[in-house]
Amino acid sequence: MTLRLFKPLACLALLAALAAGPSAPVTAGDGLSKHVTRRMALMTSQKAAMDVLTAMMAGRSMFDKDRARSARRQLIKSTSSIRKHFRKHRMDPRSNARPQIWNAWDDFKARADTAETAARNLNTRSLPALRRTLPGLMQSCLSCHDTYRSTPNGFTTH
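Residues numbered from 1 in each chain as written. Predicted model: local features only at pLDDT ≥ 70, side-chain atom pairs only at ≥ 80, totals over all residues. Heavy atoms only, no water.

(A) Seen up close, the overall build of the protein. In terms of regular secondary structure, the protein is built from seven helices and zero strands. If you list the helices and strands of the protein from N to C, you get α-α-α-α-α-α-α. Looking at the 158 residues of the protein, the share that counts as buried comes to 38%. A sequence separation of at least 24 residues applies to 73% of the contacts in the protein between residues at least 6 apart. For the protein, the accessible area works out to roughly 9100 Å², and carbon and sulfur atoms hold 55% of it. (Helix = DSSP H or I, 4+ residues; strand = E, 2+ residues; numbered from the N terminus. Buried < 20%, exposed > 50% of the residue type's maximum accessible area, 1.4 Å probe, protein only. Contact = heavy atoms within 4.5 Å. Areas by Shrake-Rupley, 256 points an atom, 1.4 Å probe, with all protein chains shown as cover.)

Take a look at the structure:
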């Protein structure tokens, strides 16, 4: 598969994975784990920042250098705290995290480091630069989600 074909496919796969994730705000007042709530809020903030950048990359919104830089800063901040938010094995019914995270902690940390590096390497100075650098971050997110995230059940008929 050529690199030219791989980038759009990776973009579509990440968008589908992100669309399947929670988009409503999560509150700790529901009696469930506040730590999992914080993890979910972290991932939701990453999804929001990625949505801004992927919309620009795909041409669904105009490229805005300031908004792109703001999204990049949010992604750097959030990816740098992934390890902290997942350090302790905490599960509750809302979580999409697989228990394998804590069984393969070194691999999970390495993937989190890769995501942080990719976020830092995002170039938001121009649309072509964003299009060149965003697929690397998208691929690092997909790699981790494919391994350590359960796919939520997004559709129920009853």
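(B) Spatial organisation of the packing of helix H6 (residues 105–120) against helix H7 (residues 127–148). Between H6 and H7, the shortest axis-to-axis distance is 8 Å and the interhelical angle comes to 160 degrees. One element, H6, and the other, H7, form an angle in the roughly antiparallel class. Relative to H7, H6 is oriented so that their crossing is left-handed. In contact with Asp107, Phe108, Arg111, Thr114, Ala115, Ala118 and Ala119 of H6, H7 contributes Gly136, Leu137, Ser140, Ser143, Cys144, Thr147 and Tyr148. (Axes fitted to C-alpha atoms, helices over the stretch in contact; angles between N-to-C directions. Parallel < 35°, antiparallel > 145°, perpendicular 65-115°, else oblique. Left-handed = near helix turned anticlockwise from the far one by under 90°.)

(C) Representation of H7. With 22 residues, H7 extends 31 Å from end C-alpha to end C-alpha; this agrees with the ideal 32 Å at 1.5 Å per step. What H7 keeps buried is the set Ala129, Leu130, Leu134, Pro135, Leu137, Met138, Ser140, Cys141, Leu142, Cys144 and Tyr148. Between the side-chain oxygen of the N-cap and the backbone nitrogen of Ala129 there are 3.2 Å, and the N-cap of H7 in question is Ser126. (Expected span 1.5 Å × (residues − 1). Polar contact = N/O pair within 3.5 Å; in protein donor to acceptor, adjacent residues only side chain to side chain.)

(D) Spotlight on helix H2 (residues 34–58). Taking 1.5 Å of rise per residue, the 25 residues of H2 would be expected to cover 36 Å, and the 35 Å separating its terminal C-alpha atoms lies within 8% of that figure. Where H2 begins, the side chain of Ser33 points an oxygen toward the backbone nitrogen of His35, at a separation of 3.2 Å.

(E) The arrangement of the packing of helix H3 (residues 65–80) against H6 in detail. Look at H3 against H6: their axes get within 9 Å of each other, and the N-to-C directions meet at 160 degrees. Judged by the inter-axis angle, H3 sits roughly antiparallel to H6. Classified by chirality, the crossing of H6 by H3 is left-handed. Contact with H3, carried on its side by Arg72, Leu75, Ile76, Thr79 and Ser80, involves Ala112, Ala115, Glu116, Ala119 and Arg120 of H6 and no other residues of that element. Here the contact of H3 with H6 is built from residues that sort into five nonpolar, two polar and three charged. (Nonpolar A, V, L, I, M, F, W, Y, C, P; charged D, E, K, R; others polar.)

(F) Region of interest: the packing of aromatic side chains. On inspection of all chains with the given rule, the structure shows three aromatic pairs. With centroids separated by 5.2 Å and ring planes inclined at 55 degrees, the aromatic side chains of Phe86 and Phe108 adopt a geometry described as tilted. Highlighted residues: Phe86 in helix H4 (residues 82–86) and Phe108 in helix H6, separated in sequence by 22 residues. Exposure class is identical for Phe86 and Phe108. Each is buried. Considering the side-chain rings of Trp105 and Phe108, the 5.4 Å spacing of their centres and the 25 degrees angle between planes classify their relative orientation as stacked. Taken together, the residues span about one helical turn, with Trp105 and Phe108 both in helix H6 at a distance of three residues. Every member of this aromatic cluster is reached through a ring pair, and the members are Phe86, Trp105, Phe108 and Tyr148. (Phe/Tyr/Trp six-rings, centres within 6.5 Å; stacked < 30°, edge-to-face > 60°.)

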